[in-house]
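So the chains spell out like this:
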Amino acid sequence: MFYENGKKILELSGCEAVYTSCLYQLRYITGIEPENGCAIVDATGTTLYTDMRYMEAAEKLLKGTQVTPVLYKRDEMLKRLATYKNVGISFNQMSHVEYLALENAGAKLENADKAFSEAMIVKNEWELNNIAKACEIAEAAFNELLPEIKEGMTEMEVAALLEYKMRKLGAQGLSFDTIVAFGAHAAVPHHETGTTKLQFGDEILIDFGCKVNGYCSDITRTVLFGDDGKHEEFKKAHAHVLKAHELVKEQLVAGMTGKEADAIAREYLKENGYGNLFTHSLGHGIGLNVHEAPSVSPKGEMQLCDGMVFSDEPGVYVAGEYGIRIEDTITLKNGKVMSFMSKTDRNLIIL
């Protein structure tokens, strides 16, 4: 399977070989992410250059495939690159220092960013299954977390407990640093989780995700910690954000652009008086990176198709008061939206 991934990039690039040292690209074409490693893909197969720290694991994982792990010897690798008439690389994922080193060794380099992106944007069944598992773990951890949230806990304590539960349930890492925001902190879409203590009546926004075999999940839920009778506007806004979220699932179909998908939620919120309070895009691609193509935003011109994975996350943010975001990781299957999230409540939960 991994060589097929590399072969797809190779064919799309039109080059005689493809080279990468980018960790997530290495995982895509070899299955592992060795530090200080690199790989070359050509018509004969894929060579993974790594050191003794990773050789045993690589040999076990790649046995019987067209991906061959070898001990990294820089001079030999550079000489090999110089034998190809052209080598596709990802300009966006390579440092200038590394580029110069390859060029000075005689490698004829071409930009293959588009090939990498096009190959990776549509997920195969194995990738979709990993994303589904990551979503399943995230949801299960969140459901376990809710009854354990207590007054006086800090944002960091809630985040740590959630991360522990995801790990315990089988997550191999985090998609990103967990965001836990109490009260008015939720009005900052990417609030930095801190030491603020939870009080009765606080809104709680939690944005989180985990990884399985390198593939990410991304989910946000907004709940209320106790009802002090002062949250009528918050509850009204939450209902509208939820409606916008669900309209995307109902109306988005394959063939729409990211811009058209974004407009489903944006126009609804605008019609109901929240247009200027939805301050970010509807969504972003999700895969080996938690933010990747396609862009589901007012500038998203790419057509969405089956197998793409992205987020559906409308939000409303009132500075100094509250913030609401409801987010699922979704894909398109048979032309329609399929959500990976089915075990957490999107309706307003009052703890």
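Note: the structure precedes this text.
As the structure is a prediction and not an experimental result, all values here were calculated from the model.

Visitor: I tried to follow the overall build of the chain on my own but got confused; where do I start?
Guide: Looking only at helices and strands, the chain features 10 helices and 19 strands. Relative to the compact-globule value of 20 Å for 351 residues, the chain shows a C-alpha radius of gyration of 22 Å, a close match. A principal-axis box enclosing the C-alpha atoms of the chain has dimensions of 70 × 40 × 35 Å. Across the 351 residues that make up the chain, the buried fraction comes to 55%. Partitioning the contacts of the chain with sequence separation of at least 6, the portion at a separation of at least 24 is 64%. When the accessible surface of the chain is summed, it comes to about 15500 Å², and 51% of that surface belongs to carbon and sulfur atoms. For the chain, the separation between the mean place of its 36 positive charges and that of its 51 negative charges on side chains is 4 Å.

Visitor: In this structure, what is going on with the sheet that holds strand E4 (residues 67–71)? I would like to understand it.
Guide: The strands making up a sheet associate through backbone hydrogen bonding, with each pair oriented either parallel or antiparallel. Taken in spatial order, the 6 strands line up as E4-E3-E2-E1-E5-E6 in an open sheet, and their pairing is mixed. Each edge of the sheet is formed by a strand with only one pairing partner; in this case those strands are E4 and strand E6 (109–111). This sheet shows a mean twist of 25° between the axes of neighbouring strands, independent of strand direction. Across the sheet, helix H2 (residues 23–30) touches strand E1 (17–20), strand E2 (38–42), strand E3 (45–50) and E4, and the angle it forms with E2 is around 45°. Docked against the sheet, helix H5 (residues 96–104) engages E1, strand E5 (87–89) and E6, running at close to 140° with respect to E6.

Visitor: Please clarify how the environment of Met256 should be interpreted in this entry.
Guide: Residue placement: Met256 occurs in the loop between helix H9 (232–251) and helix H10 (258–271). Met256 has contacts with Gln251, Ile264, Met302, Gln303 and Leu304, leaving out every residue within four places of it along the chain.

Visitor: Looking at this structure, I do not really get the side chain of Asp113. What am I missing?
Guide: For Asp113, the position within the fold is in helix H6 (residues 113–121). Despite its burial, Asp113 pairs with no opposite charge, the nearest such side chain being Lys114 at 12 Å. Setting aside residues up to four positions removed in sequence, Asp113 forms contacts with Ile89, Ser90, Phe91 and Asn92.

Visitor: Explanation requested: the nonpolar core in the structure shown.
Guide: Ranked by size, the top nonpolar core spans 60 residues in total, and within it Met166, Ile204 and Ile206 carry the most contacts. Here this core takes 9 residues from helix H7 (residues 125–145), the largest share from any one element. With residues up to four places along the chain from it excluded, the contact list for Ile206 reads Phe142, Leu145, Val158, Leu162, Thr178, Ile179, Val180, Ile219, Thr220 and Arg221. Of all hydrophobic cores here, the second largest spans 30 residues; its members include Ile264, Ile330, Leu332 and Val337.

Visitor: I keep staring at the packing of helix H1 (residues 2–13) against H2 and nothing clicks. Help me out?
Guide: Each packed pair of helices is defined by two parameters, the angle between the axes and the distance between the axes. Close contact between H1 and H2 brings their axes to 6 Å; oriented N to C, the two are set at 115°. The segment H1 lies against H2, with Phe2, Tyr3, Asn5, Gly6, Lys8 and Ile9 engaging Arg27, Tyr28, Ile29 and Thr30. Across the contact of H1 with H2, the residue classes break down as 5 nonpolar, 3 polar and 2 charged.

Visitor: Just to check I follow, could you spell out unusual backbone geometry for this structure?
Guide: Of all residues except glycine, most have a negative phi; of all peptide bonds, most are trans. In the segment running from Ala293 into Pro294, the intervening peptide bond is cis, with an omega of 5°. One can find Pro294 in strand E14 (residues 292–296). We note that Asn36 has phi near 60°; this positive angle belongs to a residue other than glycine. When its relative accessible area of 63% is taken as the criterion, Asn36 is described as exposed. Not every positive phi belongs to a glycine, and Asn334 is a case in point at roughly 55°. Residue position: Asn334 is located in the loop between strand E18 (328–333) and strand E19 (336–339).

Thresholds applied
- Residue numbering note: each chain is counted from 1, following its sequence as written.
- Confidence filtering applies because this is a predicted model: local features only for residues at pLDDT of at least 70, side-chain atom pairs given and counted only at 80 or more, and all residues used for totals across whole chains, interfaces and linings.
- Only hydrogens and water are removed before side-chain values are computed, so all heavy atoms of the structure are retained for them.
- The secondary structure listing takes helices from DSSP runs of H or I that are at least 4 residues long and strands from runs of E that are at least 2 residues long, numbered from the N terminus.
- Note on method: radius of gyration uses C-alpha positions; expected globular size equals 2.2 Å times residues raised to 0.38.
- Relative accessibility decides the category of a residue: with a 1.4 Å probe and only protein chains considered, values under 20% of the type maximum give buried, values over 50% give exposed, and everything between is partly exposed.
- By definition in these notes, contact holds between two residues if any of their heavy atoms fall within 4.5 Å.
- Surface exposure here means Shrake-Rupley accessible area, sampled with a 1.4 Å probe, where a residue is shielded only by the protein chains that are shown.
- Think of it this way: Lys and Arg go in the positive column, Asp and Glu in the negative one, and His and the chain ends go nowhere.
- Taken as the charge centre is NZ of Lys, CZ of Arg, CG of Asp or CD of Glu, depending on the residue.
- Here a strand pair is declared whenever DSSP counts at least two bridges between the two strands.
- Note on geometry: axes are lines fitted to C-alpha atoms, helical ones only across the stretch in contact, with angles between N-to-C directions running from 0 to 180 degrees.
- One speaks of a salt bridge when a side-chain nitrogen belonging to Lys or Arg is within 4 Å of a carboxyl oxygen belonging to Asp or Glu.
- Nonpolar cores were defined as sets of buried Ala, Val, Leu, Ile, Met, Phe, Trp, Tyr and Cys residues, with membership established by side-chain atoms within 4.5 Å.
- Side-chain classes follow a simple rule in which Ala, Val, Leu, Ile, Met, Phe, Trp, Tyr, Cys and Pro form the nonpolar group, Asp, Glu, Lys and Arg form the charged group, and the remainder, Gly included, forms the polar group.

No statement about biological role is implied by the geometric values presented.
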